[in-house]
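# Coordinate analysis (summary)
Letter by letter, the chains look like this.
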Amino acid sequence: MALAFLAAVAGFAPTAASQEAADPGYQRTYTIHADACWLPGGRVVEPAFVTIDKGRIAGVSTRAPRERNTPFGVQKPTILRVEGTLAPAIVDAWSGLPMAGRDGGRRPLPQSRLAEDLPVLVAGADPGLAARVQALRNSGVGVVYLGRTDGNLQRGLGVVAGFSVDNLPYDMGGDWLDLSGAGAGGAAQIRAQDLKATFASAVALRDARDDFDEKLEKYEEDLKKYEEDFKKYLEEQKKAEKGGGKARAEDPKQDAKKDDKRPKRPKRPAPPKRNVAGDLILDAIDGKLPVRVQADSGAVVAAALDVAEEHHLKMLLVNAAGGTAHADRMADLGVGVVLDLSRQLAGDDALAQDFLAYSKAGVQVALGSGGRDLGPMMLTLAGELVAHGVDQQDVWAALTSTPAELLGLGGQAGALQGGAIGSMILFGGAHPFDASGVFRSHQPK
Amino acid sequence: MLLTPLLASLLSFAPADTPDEPQPASVSSYVVDVLHVGDGQVLKNVVVTVTDGKVSAVIPGGDAPDGATRLEGVHMTPGLVDAFSYMAVDGDTVEQSRETTASLKLSTTIDLDSPSFARAASEGVTTAFLTPDSLNAFGGLAAIVKTAGGQPADLFADEGASAKLVHDAAALKISLGNDVAMGNRTPGRVPNSFFIRRPTTRMGTVWAIRSTFYNAMRYAEAREAGEADYHADYEAVLAAMRGEIPIRVHARRNNDVQTALRLAAEFQWPGFVIEEGTEAHRASQLLAAAGVPVVAGPGYDNRQRAIAQGPTLEQLRFLAAPPQICCEHLHEDAFVVELGAFPVFPHHHECDVDGSAQHYEEIPRNEWGIPIDPHDPLHHEHEEHSEVDPMLPENELVRDVVLSIGGERLASGLNRGRFTEGDQATPALPALLHQAGVPMAIGGAEAHDAAATEASLIHQARRAVAYGLPRDQAIASITSRAAALCGLGDRVGSVAVGMDADLVLWSGDPLEHSSRPLLVVVDGEVVVDNR
Amino acid sequence: MPPASSAPTSPSNAVLLATSLLALAPALPAQEAKAQGPVWALQPTHVILPDGSTAEGQTVLVQGGRILGVGADLELPSGARRWKLDGVLAPGFVDAFSAYGTDAPAQEDSRALTPMLRAYDAVDLDGDDWGKLVEAGITSAHVLPEPNNIQSGWGALVASAGKDRMLVGRTRQVLSMVISRVGDPAFGPSSLAGAIELLQGADTARVPGVADRGVLAHVDDSAAIRAIREAVGKEVDTRWMMWGDAASYGGELRGQYAGMPIPGVGAWTPRGLETLKRLHKAGVKVCFGTWSPNGAAQPGDLRRAAATMSRLTGDPKAAMAAITSNAAAFIGSDQVGAIEKGRRADLVLWSAHPLDPSAQIRAVLIHGEAAHRVTDSE
């Protein structure tokens, strides 16, 4: 059933690895009857019946599922009555869930796939990680983007992960080419240059390969010609031997050396060196891999946009602090942005200003926890953006539907709709940020 | 010229020559265009007569007697009184090996031949209130000197070029704030020098003061019962509490000023004067209500690390409307503590005379309150030297450290708190205090220790005028009121009959930058002649 | 204070209220047993009651900086002026332990026992911090000496603004049994046993004032709690400051008032999240303060901590209490922390419930006077 929904996912083409989704292990089917629920676009439905089937939402309705539709012998649908309003779980596009150490302390390689470091989906496979995931889910998070945090420019391939019934992350949305332009000041300038240089050398790599192909063709032609020439030569030799056998020297080598008429065998051109990191960049240029660039400064934002424009990349900018001057260009190129919610901890309105500037320019804005574990404070910090003048629905979309879309999850997360994951939050206050009412997170079984 | 009633009364007291004077009186007269009497009055065309070092007549519009000194266009003021000065002391001005050195007299350390006095005199300052530095909770007894007219010890010096001591117990100096707490900072958590006796916080400073008062009161009871030996420090504190010695409190911050007011209420001080008071304008209503005067210092701004340059917009707003600070603190129950109801420092034997702190003595403890082994030889040594202040660790090594590094450490620690206190410093401080009704004088601090005349006392008065202080108040704050706050209001600070003949003749209005002292007279003798 | 403006004709919003109080309230006496002056009848959309619940249609009577009464059908005294307020009127937050205004160094290193220190002596009332407190809705703060000594001295309750800043000059005697803070291999105790011996010798219960005011004990394990209980005695009113892993000893503090540092900002552990939940479940009356050894927390974090607690425990009332009434009880003051008859009129008007992070402050009244107001009303 879950696979069927996965197949329906729209968006750019997932990589081969992600098409085989892991089985998150959800089994039950039931309906939650809540006072209301939030649908995308600010629509509120009262009352709300959300039916969950094997961890995914099977349907959202204002009426209870009708019993007469239940086939004979099948158990009647379980209806759970809860007080409050249902909303989708948060999609954290920049999670702090620590994956370090899961790769056994391997040297961080540009080609390492985080998806391969995820645990096997068996209860008890990684109790420590499961406890962290449980805490995240209790805080209302349903989907996370996991990436490395090291200082390399190419941080391997990050992964979009959902959570299994045993609170273990599973590959949900495929690989991302994770590039880092972290750092500010002079370091940022160097990072911006490095970023461009990385793409330029990948292009050079492809050129070198194309050259090699041409050379190889020529070589093969030359080889054919040589073989023919050599045949002729041998025949001439034979004739000559028949004519005057004594003329042939005793040492054939010496003889060959002196023999100017012997055709030369063409040299096989050396193939270009193997370059896995470059191949990944080329995959991105070919549109096979989406790119994610952490840009902590305007210089890196500009460089990333240059690269995106030149190679028509599917790109997502992360943090993008100080990049609001390039907002219009980002909107033109269709580059979305994941803002760092932890910046709100400073208590000023800088993040809200960035949010407003980007969304005014038409950039798709998502909010992530900035690679930190903000826990239940994530909703508080997001709510403060509303106090600083950002529209409430925009902030809510930036936590749910927008990151889901940007991460290529389509209808799989970030909205209460058929096919989406069944993780939800339930709030008793006026809106999901309001902590003056009850707050619970729902995790399917 | 009309005689004011005051002047008329002065004239009526003009003494006739006393006939039974054995020697002929030395009489000199000065004719000046303008006389700043010192109390705010300004008289024109005045003849000032000096007899035997005292002013004997002040006659406006009078005829100039023969031999009178007459200078065109001059202004006369009384000799200026610097009511808060650090100048001309040999070495450090406090003894830092004890926290309470209430009985030490600064007068013993003053270098009367110091060139600083000559500089001060040439800038018109004839009387200086020299105060111990602010590095001790109780710094000792302040002194008052006249900056010239003394007999120099230096045989090459001119007659009368030396300063002379007027008062050797002019005030008991108490310091609040960071300065007292700063000597004890070491890189680690543990203070490990002889400064260990010192508090490390404002709170500790206040406690050091409180405990001294409590101990002094207990000492008084014990002394009456014949159970305590004479203790000079406590005697000085008790004299101050009886009002025999004025109390001077060095405080820069608003909260330190308020702390001083609370201490005054708690221990029922007969009165006190705030010294330096960099942020005293923030507590001006409290000070006015309590009638506590302030000797304003030069006003260092810790952010600029220099003398504050001009008011901010916020400060100008204060000028328009002084801040509202309530006076209830003075009467809050929480701060009225009965004698004997307070814990004393652990191990402070000599003050446990009434046994109220006996529970601390059940286990012998060291300075840090840690129980100590009674068989410890150091402990025995300690008990044998019971007359030594037990707050000082009795350790030979520590003693050596005191002797070897003391001087340099202390010198570098001089007044460091000035640069950490005074966020709210403003050159409008004197004006704000005046506006709020706080009795106020201006002090020079280190003004005359340096050769720079920009810092001199008259310059500070000019600056106060630039920032809103009325001109008559500016003169009063460096003459008559300054003298009054030093306890010498009946001798110096104004040009009136019977006062010391300390006079300054200026080339123009003293509050103008273009004016300079032409003649400075101390006790009738000309000590500076720059004509 | 700026000069008084003319009285508003249409008292319908908070800004006008603030302006008019600013104009008229300074005439009120600060601390009088019998309040005088005009009576204000504040009628906000919602009021947060002492139990943490939100009620509609309430009237709050304020006179002389104090709350005269709260109720749905209060009889208005003659001459009372009514103000209809759009928003939620909440008690000002109380920072249960902070070091505002006490500039470094605030730790007294000269002795291990310094029961005589008073934090109030070190408070810089002109510091920049106080304005930030008001903007965060915190109307009073419990200022403590740094707990680096086994007996550290007296705390003080200080109002964030207004004329009468010192609310309680001596709140509680601060004790510390956190060995990492009081331990000192050179001079002081180097072990918990040594610290306990020192504390027992110090005879805290007989320090003047402790019998009336109680103690505030910093602890980080159950051995420290037992040591404090034994050394101080049961008669002394004791509050607790929890450091370290509070879950490991929280069971000792059931039913007690206990302070916590702001829960890990951006650094959660699953156990940390669970701890707050379990403390609440065990009946520990938690409150928050912004002091921490590394000074990481800001005034705004107090409200965030309450929102976090509400989300974790599902108990918004307890979360409100943690930054208002519990904090007041922790300090030992019945003057602040609730909108209740007889308490100070330290009130904050919010645009929505204060636990809603999108709520904005519309006005802050401290002792019945406007300390802060938002001028850009819609």
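As the structure is a prediction and not an experimental result, all values here were calculated from the model.

A count of helices and strands for chain C gives 10 helices and 18 strands. Excluding contacts between residues fewer than 6 apart, the proportion of contacts in chain C whose partners are at least 24 apart in sequence is 66%. In the structure as shown, chain C presents an accessible area of about 12,900 Å², 49% of it carried by carbon and sulfur atoms.

What follows is about the overall build of chain A. Scanning chain A from N- to C-terminus turns up 13 helices and 17 strands. Residues counted as buried form 50% of the 445 residues belonging to chain A. Sequence separation of at least 24 residues holds for 70% of the intrachain contacts in chain A that already meet a minimum separation of 6. Surface accessibility of chain A: about 21,000 Å² in total, with carbon and sulfur atoms responsible for 50%.

Residues and elements named next belong to chain C. Once the domains are mapped, chain C shows domain 1 (37-92 + 338-373) and domain 2 (93-331). Summarising the inter-unit geometry, the C-alpha centres of domain 1 and domain 2 are found 28 Å apart. Taken together, the contact between domain 1 and domain 2 spans 26 residues of the former and 24 residues of the latter. Between domain 1 and domain 2 lies a buried interface of about 1,800 Å² when both sides are counted; carbon and sulfur atoms form 68% of it. When the area that domain 1 buries against domain 2 is broken down by residue, the three leading residues are Gly92, Leu355 and Ile366, summing to 32%.

On to the interface of chain A and chain C, then. Contact residues are listed per partner, giving 31 residues for chain A and 25 residues for chain C. Counting the surface chain A buries against chain C, the share from its top three residues, Pro376, Met377 and Ala435 of chain A, is 25%. Between the two partners, chain A and chain C, sit one salt bridge. Among the elements that take part in the side of chain A that touches chain C, helix H11 (residues 377-387) of chain A stands out by supplying eight residues, more than any other. Per-class residue counts for the side of chain A that touches chain C are 16 nonpolar, 10 polar and five charged.

All names here are of chain C. Taken N-terminus to C-terminus, the directions of helix H4 (residues 192-202) and helix H6 (residues 222-232) make an angle of 20°; their axes are 9 Å apart at the nearest point. Put simply, H4 runs roughly parallel to H6. Crossing hand, H4 versus H6: right-handed. Note on element contacts: H6 touches H4 through Ala223, Ala224, Ala227, Ile228, Glu230 and Ala231, opposite Leu192, Ile196, Leu199 and Gln200. Considering only residue class, the contact of H4 with H6 consists of eight nonpolar, one polar and one charged.

Let's shift gears to the packing of aromatic side chains. Residue and element names in this part refer to chain A. Applying the stated criterion across every chain yields a total of 17 aromatic pairs over all chains. Summarising the aromatic geometry, the rings of Trp38 and Phe427 are spaced 5.6 Å apart at their centres and angled 85° between planes, so their arrangement reads as edge-to-face. Linking Trp38 in strand S2 (residues 36-39) with Phe427 in strand S16 (residues 424-427), this pair joins segments that are 389 residues apart in sequence. Classification of Trp38 as buried rests on a relative accessible area of 8%. Judged by relative accessible area, Phe427 falls into the buried class, the value being 1%. Measuring from centroid to centroid gives 6.0 Å for Trp396 and Phe433, while their planes differ by 80°, and the two rings are edge-to-face. Here Trp396, found in helix H12 (residues 392-399), pairs with Phe433, found in the loop between S16 and strand S17 (439-442); they are 37 residues apart in sequence, far enough to count as distant. Judged by its relative accessible area of 5%, Trp396 falls in the buried class. The ring of Tyr145 carries the charged tip of Arg292 above its face, separated from the ring centre by 3.5 Å.

The next subject is the sheet that holds strand S12 (residues 294-296) of chain B. All names here are of chain B. Read from one edge of the open sheet, eight strands run S6-S7-S8-S9-S10-S11-S12-S15, paired in mixed fashion. The two strands at the open ends of the sheet, each matched to only one other strand, are strand S6 (80-85) and strand S15 (440-442). Each adjacent strand pair in this sheet contributes to an overall mean axis angle of 30°, direction not counted. Lying on the sheet, helix H11 (residues 429-436) is in contact with strand S11 (272-276), S12 and S15; it crosses S15 at an angle near 165°.

So, on to helix H2 (residues 115-122) of chain B. Residue and element names in this part refer to chain B. Along H2, the residues that are buried comprise Ser116, Phe117, Ala120 and Ala121. Seen along its axis, H2 keeps its buried residues to an arc of 135°; they face one direction. The inward-facing, buried residues of H2 abut strand S7 (125-130), strand S8 (138-150), strand S9 (162-175), strand S17 (517-522) and strand S18 (525-529). You can read the cap of H2 off the contacts: a side-chain oxygen lies 3.0 Å from the backbone nitrogen of Ser116, and it is on Ser114. Taken from the residues just after H2, Gly124 is the one with a positive phi, measuring 95°.

The next thing to look at is the nonpolar core. By size, the foremost hydrophobic cluster in this structure holds 179 residues, and its most contacted members are Leu317, Leu341 and Leu399 of chain A together with Phe288 of chain C. For Leu399 of chain A, the contacting residues outside a window of four places in its chain are Ile90, Val91, Leu341, Leu367, Met378, Leu379, Ala382 and Phe433 of chain A. Val145, Ile174, Ala228 and Ala431 of chain B belong to the second largest nonpolar core, which has 83 residues in total.

Let us look at the pairing of strand S16 (residues 503-506) of chain B. Residue and element names in this part refer to chain B. Residues Leu503 and Leu505 line one face of S16 and the alternating positions Val504 and Trp506 line the opposite face, and both faces are buried. Inspection of the sheet shows strand S5 (residues 75-78) paired to S16 by four bridges, in the antiparallel sense. Counted as the bridge partner of Pro78 is Leu503 from S16. Taken together, the four bridges between S16 and S17 define a ladder with antiparallel strand orientation.

Residue and element names in this part refer to chain A. In the segment running from Glu46 into Pro47, the intervening peptide bond is cis, with an omega of -20°. Here His312, not a glycine, exhibits a phi torsion of approximately 50°, which is positive. A relative accessible area of 69% places His312 in the exposed class.

This part covers the pattern of salt bridges. All names here are of chain C. Considering all chains together, one arrives at 46 salt bridges over all chains under this definition. Its salt-bridge partner being Asp237, residue Arg239 comes within 2.9 Å of it at the nearest N-O pair. Between Glu274 and Lys277 there is a salt bridge; the shortest N-O distance is 3.9 Å. Of the two residues, Glu274 and Lys277 both sit in helix H7 (residues 270-281), three residues apart, roughly one turn of that helix.

Conventions and cut-offs
Residues numbered from 1 in each chain as written. Chains lettered and ligands numbered in written order. Predicted model: local features only at pLDDT ≥ 70, side-chain atom pairs only at ≥ 80, totals over all residues. Heavy atoms only, no water. Helix = DSSP H or I, 4+ residues; strand = E, 2+ residues; numbered from the N terminus. Contact = heavy atoms within 4.5 Å. Areas by Shrake-Rupley, 256 points an atom, 1.4 Å probe, with all protein chains shown as cover. Buried < 20%, exposed > 50% of the residue type's maximum accessible area, 1.4 Å probe, protein only. Domains from an automatic or database assignment. Buried area = accessible area lost by both parts, 1.4 Å probe. Salt bridge = Lys/Arg side-chain N within 4 Å of Asp/Glu carboxyl O. Nonpolar A, V, L, I, M, F, W, Y, C, P; charged D, E, K, R; others polar. Axes fitted to C-alpha atoms, helices over the stretch in contact; angles between N-to-C directions. Parallel < 35°, antiparallel > 145°, perpendicular 65-115°, else oblique. Left-handed = near helix turned anticlockwise from the far one by under 90°. Phe/Tyr/Trp six-rings, centres within 6.5 Å; stacked < 30°, edge-to-face > 60°. Lys NZ or Arg CZ within 6 Å of the ring centre and 35° of its normal. Pairing = 2+ DSSP bridges. Arc of directions from axis to C-beta. Polar contact = N/O pair within 3.5 Å; in protein donor to acceptor, adjacent residues only side chain to side chain. Core = buried A, V, L, I, M, F, W, Y, C linked by side-chain atoms within 4.5 Å.

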